Every structure is written in structure tokens, then in C-alpha cells.
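A structural walkthrough
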Amino acid sequence: MEGTSMKQTKTSTMDIAITGLMAALVFTGTYFFKIPSTFGYTHLGDCMIILTVCLFGTKRGVLAGSIGAGLADLIGGYPVWVIPTMFMKAMWAFILGTIMYKLMPNYKYSWLVGAIIGGIAHTIGYTLVKIPLYGMALAIGELFTTGCQSAAGVILGGAAYMILSKSPAIRDICKKVA
């Protein structure tokens, strides 16, 4: 009984540590590496969300993505976007994780299918939020930029995943938190 309790505590501590670290990477990629656009910015945070889901699972990806990106919007001066951002990033991570781990767990490129479908949902979701805020014309005008941001997230996140998943140290961490 005592050994089980210790293992649960250790796993929980590891979950918190990894989720916090990945949320910090999402925040850093979103807040510090951004390219301003008409009504927001394009950034590198999405690739960190994809990396988190691929390496550490859906739950950690949802939490790290929504916390890191939401905090970046809050601190970055985009308070109107905090809640939509938290929802959109969580949705993308959830779609990716569901496809990768539940629907297509034995397919080598399930992460790519999930990232693309999640990225499409992400792009549509942000466009729908922009309509009441800025009007239909501007929302549609930003569709290309939002789509490019999603595509960049898929490409860069996928590249990072392919590289890091080959690292023995990363594989060891993934086994410990699985």
C-alpha cells in the first residue's frame, strides 16, 4: 500500500513538472518569438503544443497549450484573446491526442493526421471568433495568416518531435511518465 502511494505521488509530481515546463516553452514560443499581424501575431508556440502532445500525451498537451498560450496573450497585451486562445489551443491538443492515441494508435503518422485536423479546427475556430470582434471581411482576410500559423506549427512541431523522439534521454523521460 505504501509503495503504491509513493508511486502515485511521484507520478503526479512528474506530471506537474513536465506540464509546467512545457507550458513555459509554449509561453516562450508564443510571447518572445512572434511576428505581428493585423489583429494579433503569428508565433512559435503552436509547435511546442504539438511537441508536448506527441511526447507527453493529450492531457499534458491540453494543459500546457492552454496555460502557456493564454498567459502569453494576457501578459502580451491581448486580454480579449485569453479565453479564446486557451480554448483553441486546448481543442487542437485534444484533437491531436485523440487521433494519435485513441483513433489511430498504430499508424506511424497519426500525429501528423491529428496535427493537421487540429490545425484546421484551430484556424476555423479563430476565424469564427474574429467575426464578431472585427467583422466578416477582416476575419476572412486573416484566414490565410491564421492558416499559415497553423501550418508552421505542424511543420516545426513535427520536425521537433521527429528529432527529439530519437533521443534516448527523451525516450527515457517519456517512459517514466507514461
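Below or above, wherever it landed, is the structure these notes cover. Numbers given to residues run from 1 along each chain, matching the order in which its sequence is written. The predicted nature of this model means local features are confined to residues of pLDDT at least 70 and side-chain atom pairs, given and counted, to a pLDDT of 80 or more, with totals for whole chains, interfaces and linings taken over all residues. Hydrogen atoms and water are omitted, and side-chain values are computed over all heavy atoms in the structure.

Examining the packing of helix α4 (residues 82-103) against helix α5 (residues 110-134)
Axis geometry follows a simple rule: fit a line to the C-alpha atoms, using only the stretch in contact for helices, then measure angles between N-to-C directions, giving values from 0 to 180 degrees. For helices the rule is a DSSP run of H or I covering at least 4 residues; for strands it is a run of E covering at least 2, with both sets numbered from the N terminus onward. Remark: α4 packs on α5, axes separated minimally by 8 Å, with the N-to-C direction vectors making an angle of 155 degrees. Considering their axes alone, α4 and α5 lie roughly antiparallel with respect to each other. Read as a crossing pair, α4 and α5 show a hand that is right-handed. The class makeup of the residues in the contact of α4 with α5 is 15 nonpolar, 7 polar and 1 charged. Each angle receives one of four descriptions, namely roughly parallel if under 35 degrees, roughly antiparallel if over 145, roughly perpendicular if within 65 to 115, and oblique otherwise. Should the near helix be turned anticlockwise from the far one by less than a right angle, the crossing is left-handed, and should it be turned clockwise, the crossing is right-handed. Polar here means any residue other than Ala, Val, Leu, Ile, Met, Phe, Trp, Tyr, Cys and Pro, which are nonpolar, and Asp, Glu, Lys and Arg, which are charged; Gly is therefore polar.

Notes on the pattern of salt bridges
Throughout this description, the term salt bridge denotes a Lys or Arg side-chain nitrogen within 4 Å of a carboxyl oxygen of Asp or Glu. Counted by the stated rule, this structure contains 5 salt bridges. Here K176 makes a salt bridge to D172, at a shortest N to O gap of 3.5 Å. A residue pair is termed a helical-turn pair when its members lie 3 or 4 positions apart in one helix, as K176 and D172 do in helix α8 (residues 168-177) at 4 residues. Taking relative accessible area as the criterion, K176 reaches 55% and is therefore assigned exposed. Three labels apply to residues, based on accessible area from a 1.4 Å probe with only protein chains included: buried if under 20% of the type maximum, exposed if over 50%, partly exposed otherwise in between. Classification of D172 as partly exposed rests on a relative accessible area of 38%.

Brief notes about the nonpolar core
The biggest cluster of nonpolar side chains holds 24 residues, and the ones touching the most others in it are I50, C54, L55, F56, L96 and Y161. Listed by contribution, the elements that provide at least two residues to this core are α1 (2-31), α2 (45-56), α3 (58-75), α4, α5, α7 (143-164) and α8. At 7 residues, α2 tops the list of elements feeding residues into this core. The contacts of L96, once residues within four sequence positions are left out, are I50, V53, C54, W111, G114 and A115. Only buried Ala, Val, Leu, Ile, Met, Phe, Trp, Tyr and Cys residues count toward a nonpolar core, and they belong to the same one when joined by side-chain atoms within 4.5 Å. Note on contacts: a residue pair qualifies if any of its non-hydrogen atoms lie within 4.5 Å across the two residues.

Quick look at the packing of aromatic side chains
Two rings belonging to Phe, Tyr or Trp (six-membered ring only in the last case) form a pair when the distance between their centres is within 6.5 Å. Interplanar angles under 30 degrees mark stacking, angles over 60 mark edge-to-face geometry, and anything in between is tilted. Following the criterion strictly, the structure yields 7 aromatic pairs and no others. Considering the side-chain rings of F27 and Y31, the 5.2 Å spacing of their centres and the 10 degrees angle between planes classify their relative orientation as stacked. In this pair, F27 and Y31 both sit in helix α1, 4 residues apart, roughly one turn of the helix. Residue Y31 is classed as partly exposed on the basis of its relative accessible area, which comes to 24%. With a centroid separation of 6.2 Å and an interplanar angle of 75 degrees, the aromatic rings of Y107 and Y109 are classed as edge-to-face. Looking at Y107, the relative accessible area reads 43%, which means it is partly exposed. Using a relative accessible area of 35% as the deciding quantity, one classes Y109 as partly exposed. Pairwise contacts between aromatic rings join F27, Y31 and F32 into one cluster. Throughout this description, the term charge over a ring refers to an Arg CZ or Lys NZ atom that lies within 6 Å of the ring centre and within 35 degrees of the ring normal. Over the aromatic face of Y31 sits the side chain of K34, whose NZ or CZ is 4.6 Å from the ring centroid.

Here we look at a nonpolar patch on the surface
Judged by side-chain polarity, F32, F33, L44, I155 and L156 come together as a nonpolar surface patch covering roughly 510 Å² of accessible area. As for its position among the elements, F33 is in the loop between α1 and β1 (34-37). Overall, F33 belongs to the partly exposed group, its relative accessible area being 48%. Residues forming no salt bridge and having over 30% relative accessible area are the ones grouped into patches, like charges within 9 Å of each other and nonpolar side chains (Val, Leu, Ile, Met, Phe, Trp, Tyr) within 5 Å. Computed with the Shrake-Rupley method and a 1.4 Å probe, the accessible areas treat only the protein chains shown as cover for residues.

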